[in-house]
Amino acid sequence: MTSSGLRSGELADAAGVNQQTLRYYERRGLLASPQRSPGGHRIYPAETVTLLRIIKTAQRLGFTLNEVADLLDAGRHRHGRRPDSGLQARARDKLAEIEQKLTDLTVIRDTLRAAISAGCDDLVSCADSPCCPLPFAELAQRNDNAGH
């Protein structure tokens, strides 16, 4: 660490990311362009470690980088912002999205378990069997309805 901040490698190590991530986040506008040392090295303020940890945590919570950028922007411009642009509203929306994915994954899990229990070894013969738990008929019916 220099007296005025962190070099790229130091920042990357401290935040648990690689240096290419720093440059990518700069290009995406998530990180401000850093100052340069007289030798041309990028020098980041120490608080950038916290910002990087916030970005990575938000990603682990399911937020895309575009959503993270919007959240960071909303946080920077608190005065005069729309009431639906903050973390609370975005977290509720993300939670609803995750809940739907969990519901979908539960259906997939249960269907796969049923296929294993039914002894399905071949998709074609399974599709022709009345005891096949895979939703071939349901999907065909959905496609027929969508085409009309």
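Rules behind the numbers
- Residues numbered from 1 in each chain as written.
- Predicted model: local features only at pLDDT ≥ 70, side-chain atom pairs only at ≥ 80, totals over all residues.
- Heavy atoms only, no water.
- Core = buried A, V, L, I, M, F, W, Y, C linked by side-chain atoms within 4.5 Å.
- Buried < 20%, exposed > 50% of the residue type's maximum accessible area, 1.4 Å probe, protein only.
- Helix = DSSP H or I, 4+ residues; strand = E, 2+ residues; numbered from the N terminus.
- Contact = heavy atoms within 4.5 Å.
- Patch = residues over 30% accessible without salt bridge, like charges linked within 9 Å, V, L, I, M, F, W, Y side chains within 5 Å.
- Areas by Shrake-Rupley, 256 points an atom, 1.4 Å probe, with all protein chains shown as cover.
- Salt bridge = Lys/Arg side-chain N within 4 Å of Asp/Glu carboxyl O.
- Phe/Tyr/Trp six-rings, centres within 6.5 Å; stacked < 30°, edge-to-face > 60°.
- Polar contact = N/O pair within 3.5 Å; in protein donor to acceptor, adjacent residues only side chain to side chain.
- pLDDT = per-residue confidence, 0-100.

### Comments concerning the nonpolar core
Part 1: Ranked by size, the top nonpolar core spans 20 residues in total, and within it Leu-22, Leu-52 and Ile-55 carry the most contacts.
Part 2: Every element with two or more residues in this core is listed here: α1 (8–15), α2 (19–28), α3 (48–60) and α4 (65–76).
Part 3: The dominant element in this core, judged by the number of residues it contributes, is α3, at five residues.
Part 4: Those residues in contact with Leu-52 that lie beyond four places of it in its chain are Leu-11, Ala-15, Val-17, Leu-22, Tyr-25 and Leu-31.

### Quick look at a nonpolar patch on the surface
Part 1: A cluster of nonpolar side chains, contributed by Leu-102, Leu-105, Ile-108 and Leu-112, occupies part of the molecular surface with about 380 Å² of accessible area.
Part 2: Structurally, Ile-108 can be placed in helix α5 (residues 87–118).
Part 3: On the basis of relative accessible area, Ile-108 is assigned to the partly exposed category, the value being 46%.

### A word on the packing of aromatic side chains
Part 1: Under the definition given, this model contains one aromatic pair.
Part 2: Aromatic pair Tyr-24 and Tyr-25: ring centres 6.3 Å apart, planes at 45 degrees, arrangement tilted.
Part 3: Look at Tyr-25 and you get buried, because its relative accessible area is 3%.

### Structural notes on the side chain of Glu-26
Part 1: For Glu-26, the location among the structural elements is in helix α2.
Part 2: Under the relative-accessibility criterion, Glu-26 is labelled buried at 15%.
Part 3: A distance of 2.3 Å separates a polar atom in the side chain of Glu-26 from a polar atom in the side chain of Tyr-44.
Part 4: Those residues within four positions of Glu-26 in sequence are excluded, and the remaining contacts are Leu-31, Ala-32, Ser-33, Pro-34, Arg-42 and Tyr-44.

### Section: the confidence of the model for the protein
Part 1: In the predicted model, the protein carries a mean pLDDT of 85, and 83% of its residues have values of at least 70.
Part 2: Mean pLDDT values for the elements of the protein range from 62 in helix α7 (residues 136–147) up to 96 in α1.

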